[in-house]
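Structural description and commentary
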Amino acid sequence: MKVAAINDLSGFGKCSLVADIAILSSMGIEVNPVPTAVLTAQTGFSSYFQHEMHDMVTKCKEEWEKQEEEFDGILTGYIPSVELADQITEFVDLYKKDNTVLLVDPVMGDNGKPYANYSDQMLDRIVKLTEKADIITPNFTELCILAGIEHKKYEIDEIMAIGESVKAKGSKSVIVTGIEESKDTVCNLVISDGGTAIIRSATNGRSYSGTGDLFAASVLGNVLNGHTIKESVSKAADFIKRSIEATSSTDRNYGVDFEKILKTREQI
Ligand code: PXL
């Protein structure tokens, strides 16, 4: 199994390509990274430097076409600019075959706030990518942005209906991640052709950088390893819960200590 992981490389934050490479490799899946940007740290730090990889996605597309490469999965994550988003769409159009699983993580914001990469043009490009996707993994903030609705408190069945409306635009499966249902319960919603599901896990209420990236990589790896979407979401949710429990720092910017529990692929 081979995955093209289109994401940034951040020096601190244990997110993006660090998560993709660690998780998918541990699951026995080859990762071919396509860096969209290289950063000193993820953008939640009060100061960081970002070097955008201007034509890297196009160069990977062109060089890998000469090598006649093919992928079982494509994962897209943080996109620093509209220019890169357009290159990613072209990459996907070339390499997504009928049996290639495309997971689009529409990385645009969290906790009701947009990330530094967000703009209306970026939203337009990310919506187009989600329409081509087999699986999308928005958090609640990103779901509201994709649905064009206000970010406020909704009941779980209302969030399910919002997910259905986003799925109707073209994504085959919508997984809404990390919804805080109560002080000690977090849930992930699955809305797919196979039906809907609510997957609940216990939480200690802490939220950390990079957990969305770890979750997306785990879901894709589990799907490629033959699990159903619902099983994959359950396994990914359990992995995130154990990673948070293993984390000693309370500074969310540094991410979770997932490496402490990364021993065998069965544990992801
Ligand atoms: O984890 C999402 C993410 C990925 N990449 C970069 C980020 C963030 C979230 O802040 O800043 C660079």
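Since the model is a prediction, treat every value here as computed from it, not as a measurement.

The subject of this paragraph is the site of the ligand. Around the ligand, the structure places Asp8, Ser10, Cys15, Ser16, Leu39, Gln42, Thr43, Tyr78, Val107, Tyr115, Gly210 and Asp213. In the model, a nitrogen atom of the ligand is placed 3.1 Å from a nitrogen or oxygen of the Ser16 side chain. Between the ligand and the protein, one listed contact pairs an oxygen atom with a side-chain N or O atom of Gln42 at 3.4 Å. Protein contacts shield 94% of the accessible area of the ligand, which totals 310 Å² for the unbound molecule. Residue composition of the shell around the ligand, grouped by class: five nonpolar, five polar and two charged.

For the rest of this paragraph, the subject is the side chain of Thr36. Note that Thr36 resides in strand S2 (residues 30-39). By relative accessible area, which is 0% here, Thr36 ends up buried. Each residue touching Thr36, except ones within four places of it in the same chain, is listed here: Ile6, Asn7, Asp8, Glu52, Met53, Val57, Tyr78, Pro80, Leu84 and Ile88.

Taking 1.5 Å of rise per residue, the 13 residues of helix H4 (residues 120-132) would be expected to cover 18 Å, and the 19 Å separating its terminal C-alpha atoms lies within 8% of that figure. Taken together, the buried positions of H4 are occupied by Met122, Leu123, Ile126, Leu129 and Thr130. End-on view of H4: buried residues confined to an arc of 125 degrees, all on one side of the axis.

Turning next to the nonpolar core. Ranked by internal contacts, the top residues of the largest apolar core, which has 41 residues, are Trp64, Ile74, Ile79, Phe91, Ile159, Val176 and Leu189. Looking at this core, the element that brings in the most residues is helix H3 (residues 82-95), giving six residues. Look past the residues within four positions of Val176 in its chain and what remains in contact with it is Pro138, Asn139, Phe140, Leu143, Ile159, Cys187, Asn188, Leu189 and Ile191. With 37 residues, the next largest nonpolar core counts Leu17, Ile23, Val31 and Leu220 among its residues.

Thresholds, definitions, all that
- Residues numbered from 1 in each chain as written.
- Predicted model: local features only at pLDDT ≥ 70, side-chain atom pairs only at ≥ 80, totals over all residues.
- Heavy atoms only, no water.
- Near = heavy atom within 4 Å.
- Polar contact = N/O pair within 3.5 Å; in protein donor to acceptor, adjacent residues only side chain to side chain.
- Areas by Shrake-Rupley, 256 points an atom, 1.4 Å probe, with all protein chains shown as cover.
- Nonpolar A, V, L, I, M, F, W, Y, C, P; charged D, E, K, R; others polar.
- Helix = DSSP H or I, 4+ residues; strand = E, 2+ residues; numbered from the N terminus.
- Buried < 20%, exposed > 50% of the residue type's maximum accessible area, 1.4 Å probe, protein only.
- Contact = heavy atoms within 4.5 Å.
- Expected span 1.5 Å × (residues − 1).
- Arc of directions from axis to C-beta.
- Core = buried A, V, L, I, M, F, W, Y, C linked by side-chain atoms within 4.5 Å.

Limitation: the analysis is restricted to geometry and does not speak to function.
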